[in-house]
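Examination of the molecular architecture
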Amino acid sequence: MPRDAIFPADRHALYDNHGYSAAIRSGDLLFVSGQVGSRSDGTPEPEFKQQLRQAFDNLGAVLQAAGCTFDDVIDVTTFHTDPETQFDDVMAAKARVFPEAPFPAWTAVGVTWLAGFDFEIKVIARLPESARAS
């Protein structure tokens, strides 16, 4: 099965700097790499809530580039450098993009390092029929 790399229109520097694709489309699934709160030059937003908002915005841009929306997301994994203090802000941001059931599966992982970032989100989405590679 072929795999097609997906990049948002305003591709940020981290993809090139670290040698990875924003997402890979394979069959009817989209595997989105971890998105962080990076500006277009790859630097982190300085404040946690801004970083969180930017991470979700970056994720939305990747989904859109693949012809998906947040409604197509079936699995979410988030990484947190300080889950105990970040949890309420993360839940509020998550509720904005996933406002009602059925919610995607979600795994939250506490980590000690995210290359200068404090939050990362990766997802798997089911591609709508119109977004599948032929």
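Everything below is about the structure printed above this text.
What counts and what doesn't
- Residues numbered from 1 in each chain as written.
- Predicted model: local features only at pLDDT ≥ 70, side-chain atom pairs only at ≥ 80, totals over all residues.
- Heavy atoms only, no water.
- Core = buried A, V, L, I, M, F, W, Y, C linked by side-chain atoms within 4.5 Å.
- Buried < 20%, exposed > 50% of the residue type's maximum accessible area, 1.4 Å probe, protein only.
- Helix = DSSP H or I, 4+ residues; strand = E, 2+ residues; numbered from the N terminus.
- Contact = heavy atoms within 4.5 Å.
- Pairing = 2+ DSSP bridges.
- Axes fitted to C-alpha atoms, helices over the stretch in contact; angles between N-to-C directions.
- Phe/Tyr/Trp six-rings, centres within 6.5 Å; stacked < 30°, edge-to-face > 60°.
- Lys NZ or Arg CZ within 6 Å of the ring centre and 35° of its normal.

A separate point is the nonpolar core. Generally speaking, soluble globular proteins have nonpolar side chains that are buried together. Core analysis: the largest hydrophobic core is formed by 28 residues, its most contacted members being L30, V32, F56, L63, F119, I121 and V123. Taken together, the elements giving at least two residues each to this core come down to β3 (29-36), α2 (48-65), β4 (73-80), α3 (83-97) and β6 (119-126). Among the elements that make up this core, the one with the highest residue count is α2 (seven residues). Sequence-distant contacts of L30, defined by excluding residues within four places in its chain, comprise I6, A23, I24, R25, L63, A66, C68, V123, I124, A125 and L127. The next biggest cluster of nonpolar side chains, apart from the first, holds five residues, and it includes L14, V36, L114 and F117.

On to the sheet that holds strand β1 (residues 4-6), then. The strand order β1-β2-β3-β6-β4-β5 describes an open sheet built from six strands, whose pairing is mixed. What marks the edges here is a single partner per strand, and that holds for β1 and β5 (105-110). Strand-to-strand twist in this sheet, taken as the mean axis angle between neighbours without regard to direction, amounts to 15°. One ladder, built from seven bridges, connects β4 with β6; its direction is antiparallel.

A word on the packing of aromatic side chains. Evaluated as defined, the whole model comprises three aromatic pairs. Here the aromatic rings of F70 and F98 are separated by 5.8 Å at their centres, their planes lie at 85°, and the arrangement is edge-to-face. One end of the pair, F70, is in the loop between α2 and β4; the other, F98, is in the loop between α3 and β5, and 28 residues separate them in sequence. Arranged with centres 6.4 Å apart and planes meeting at 20°, the rings of F87 and W106 form a pair that is stacked. Taken together, the residues span a long stretch of sequence, with F87 in helix α3 and W106 in strand β5 at a distance of 19 residues. Residue F87 is classed as partly exposed on the basis of its relative accessible area, which comes to 39%. Sitting above the plane of the F103 ring, K94 keeps its charged end 5.9 Å from the centroid.

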